[in-house]
Amino acid sequence: MELHLEHNLKNREKRLQKLQELDQANMEQLLLELQQEHQQLVSMEAGSIDLAEQRYYQELIEQNKEQTLRIQKEIDKEYQKQISLVTPKAPVLKNVLRAFLVGGTICLLGQLVINFMMLTYDADFKSASALASITIVVITAVLTGIGVYDEIGRYGGAGSMVPISGFANSVVSAALEFKREGMIYGIGAKIFTIAGPVILYGTVASVVIGMIYYLLG
Amino acid sequence: MGKRIGKRTIAYDTPAVIRSWATAAGRKEARGKLAEQYDFILNHNQFGEKSWERAEQKMQQYALELALEKAGLQASQLDYFLGGDLLNQIIATSFTARAAGAPYFGLYGACSSLAEGMILGACLLDGGFGRMAAVCTSSHHDAAERQLRYPTEMGVQRTLTAQWTVTGSGAYILDKGHGQWQITQAVPGKIIDRGISNSSDMGSAMAAAAVDTITAWLQDTDNLDGVDYIVTGDLGKIGYEICKRQLLEQGYDVNGKYYDCGMQIYHEEDQDVHAGGSGCGCSAVVMGAKFLPQMAAQPHCRLLFVGTGALLSPLTVQQGETIPGIAHGVLIEYKQEG
Amino acid sequence: MMQGLLLAFVVGGLICVIAQLIIELTPYSITPAHILVGYVVGGAVLSGIGWYQPLVDLAGAGATVPLSGFGHMLVQGVFEAVGQEGLKGVFTGGLTASAFGITVALLMGLTVALVFNPKG
């Protein structure tokens, strides 16, 4: 009996070498076979009379497990291949174009504010640019509040996410969405859901770069 | 094993009768393909409440009350109340159960909860533990969105594989008596996980489970010709395609009788829902608004309803775990009276 | 003047296009938070090695409005502070320079949350 089981495992090993060529029904069949064998092996192990025999069966169980895993992996791979066959291709060109238009427009708006400030109030570029950012943040906040910015985001994708307006939208939308959970755990905590990581890693990056700058003198 | 066929199929001695049902749906759903078929349509996604969660609960309660009213029953006559939703700890259903006052089993099978509830409800009745059970599930787009994805006002582009959580609820009253719609068989689902971890492609993650359950039933009963409809819960366009292909590979041609609830709700082009509807409310409204009434067009009709669920948790998705899928099968038979 | 506007539009648009391509063409599911963090850190690094300032000089708002400009601002703030205060500046410069942006965003977040309700 035990020899027969060992033989089975060895035999199957040969078939597993050519796993890729099997179709799914065949693989499922193999899986079923392995399951039955596993049960047999477990009961043999339980009934073994000495340590050597027990070890022998444990080894066979290990082999059985290993073969099962290999087949399962192959079935998963086969399945994922099928998914990629039926998944529609994202309209990359269209999305890229939209991102360009929306992102460009937001930056254009910023530049208009900068130009206005520099020409009319003789502001320097730095303060004008800061004011431009604030303007965009305020406009975005209101658009988020009245439920428009999520539509812009759906259209513009990264074009509405990457500009400072995307940052403002993530702050405002999180605060707005969680107001029902209260001022502290709702707005207070959730407002940082996305702002938190941005501020954290931005600060860390600036400290690391600043430290290098300081050390290099 | 008197009440079993083959390896996995339950065959009820006394089939539970679906005595009545009611569906409630949101405004976006009401503009979709089944516009006229819903029993009740929410006036607003907040439904006069202060949160999405309360709106979902109220919608569920409306569905339950409507279904009870259609059957001419009171909530106090229910021996059991079974149900689930997508909110954390299935809280909407628990509040409905609080209002109903009936003995309550809260189920979490994600979007398969309706089928799961029908199986267990029919078991309770067939076992003689009661006469009347209600099964009720719901989902609310905005409540699900903020819990599982992003705040509703955040501007995020959705991928083509993403599905749209349905705002809707369905209540089904099961009765141990005579009636036209009967639950005669069931196939409890196994967890099938094909290693998909993309949480915006749940159709693919669930399709494998649907295939497993459907083939299990077909192997047990060998009755592909005897079934008029096979209806999956919310696989969406992509999952539907995969499921069909996989069944064909196993030698089952389901062309012409296979449908997916997720593809029945919205107008694909105009409503920007990408792969289709999903959520506990998806199959709950489509079964009640479309397929159960449609069965009555024939004197005798058999429908295998396969509720599909992606049992993911936002926590394990962030930890990079894959999505366990499940599919519960329920065989519903319609027999004309007389 | 017109040229400045055009450059802001084109460069800003292209910076966004890079993010869109990353989202579309990588097999991983990339969330907005990943993109935003990536841009801030990326902008900081580019600024550190001196490549971002030329872009700002060229495109103005086209380079400062995208979140990489936020990273640039952090790093320039640190550099300035190090020049004035030495080691202490390493730790104060970044947040000082970005304080106005963060503060306005937080204030607006709170205000909007108190005034409006999510529409869904």
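Residues numbered from 1 in each chain as written. Chains lettered and ligands numbered in written order. Predicted model: local features only at pLDDT ≥ 70, side-chain atom pairs only at ≥ 80, totals over all residues. Heavy atoms only, no water.

Can you lay out the environment of Pro88(A) for me, pointing to particular residues and giving the numbers?
The topology assignment puts Pro88(A) in the loop between helix 3 (51–86) and helix 4 (92–120). Look at Pro88(A) and you get partly exposed, because its relative accessible area is 34%. (Helix = DSSP H or I, 4+ residues; strand = E, 2+ residues; numbered from the N terminus. Buried < 20%, exposed > 50% of the residue type's maximum accessible area, 1.4 Å probe, protein only.)

Talk me through the pairing of strand 9 (residues 181–187) of chain B; I want residue IDs and the actual numbers.
Residue and element names in this part refer to chain B. Along strand 9, seven of the seven residues are buried, which leaves the element largely enclosed by surrounding structure. Sheet topology places strand 2 (residues 9–25) next to strand 9; four bridges connect them, and they run antiparallel. By the bridge assignment for strand 9, Ala11 is matched with Gln185. (Pairing = 2+ DSSP bridges.)

I'd love a proper account of the pattern of salt bridges, names of residues and values included.
Summed over the entire model, instances satisfying the criterion amount to 26 salt bridges over all chains. Arg149(B) is paired through a salt bridge with Glu145(B); the nearest N and O atoms lie 3.1 Å apart. (Salt bridge = Lys/Arg side-chain N within 4 Å of Asp/Glu carboxyl O.)

So what's going on with the nonpolar core? Residues and values would help.
By size, the foremost hydrophobic cluster in this structure holds 54 residues, and its most contacted members are Val162(A), Ile164(A), Phe167(A), Val198(A), Leu67(C) and Phe70(C). Top element by residues in this core is helix 8 (residues 164–177) of chain A. It accounts for seven residues. The residues contacting Val162(A), other than those within four sequence positions of it, are Ile15(C), Cys16(C), Ala19(C), Ile35(C), Tyr39(C), Val65(C), Pro66(C) and Leu67(C). In terms of nonpolar packing, the next biggest core, distinct from the first, is built from 48 residues, Ala25(B), Leu107(B), Ile265(B) and Ile332(B) among them. (Core = buried A, V, L, I, M, F, W, Y, C linked by side-chain atoms within 4.5 Å. Contact = heavy atoms within 4.5 Å.)

Explain the environment of Ala67(B) residue by residue, including any values.
Residues and elements named next belong to chain B. Residue position: Ala67 is located in helix 2 (residues 52–71). The buried category is assigned to Ala67, whose relative accessible area is 0%. Residues Ala67 and Tyr172, spaced 105 residues apart in sequence, show a C-alpha to C-alpha distance of 6.6 Å. Not counting residues up to four positions away in its chain, the partners in contact with Ala67 are Ser20, Trp21, Ala22, Ala171 and Ile173.

Account for helix 2 (residues 32–48) of chain C, with residues named and values stated.
Over its 17 residues, helix 2 of chain C extends 24 Å from the first C-alpha to the last, a length consistent with the 24 Å expected when each residue adds 1.5 Å. Burial in helix 2 of chain C covers these residues: Pro32(C), Ile35(C), Leu36(C), Val37(C), Tyr39(C), Val40(C), Gly43(C), Ala44(C) and Ser47(C). Taken together, the buried residues of helix 2 of chain C touch helix 7 (158–161), helix 8 and helix 10 (192–216) of chain A together with helix 1 (2–25), helix 3 (52–59) and helix 5 (67–85) of chain C. A positive phi of about 85° marks Gly50(C), the residue just after helix 2 of chain C. (Expected span 1.5 Å × (residues − 1).)

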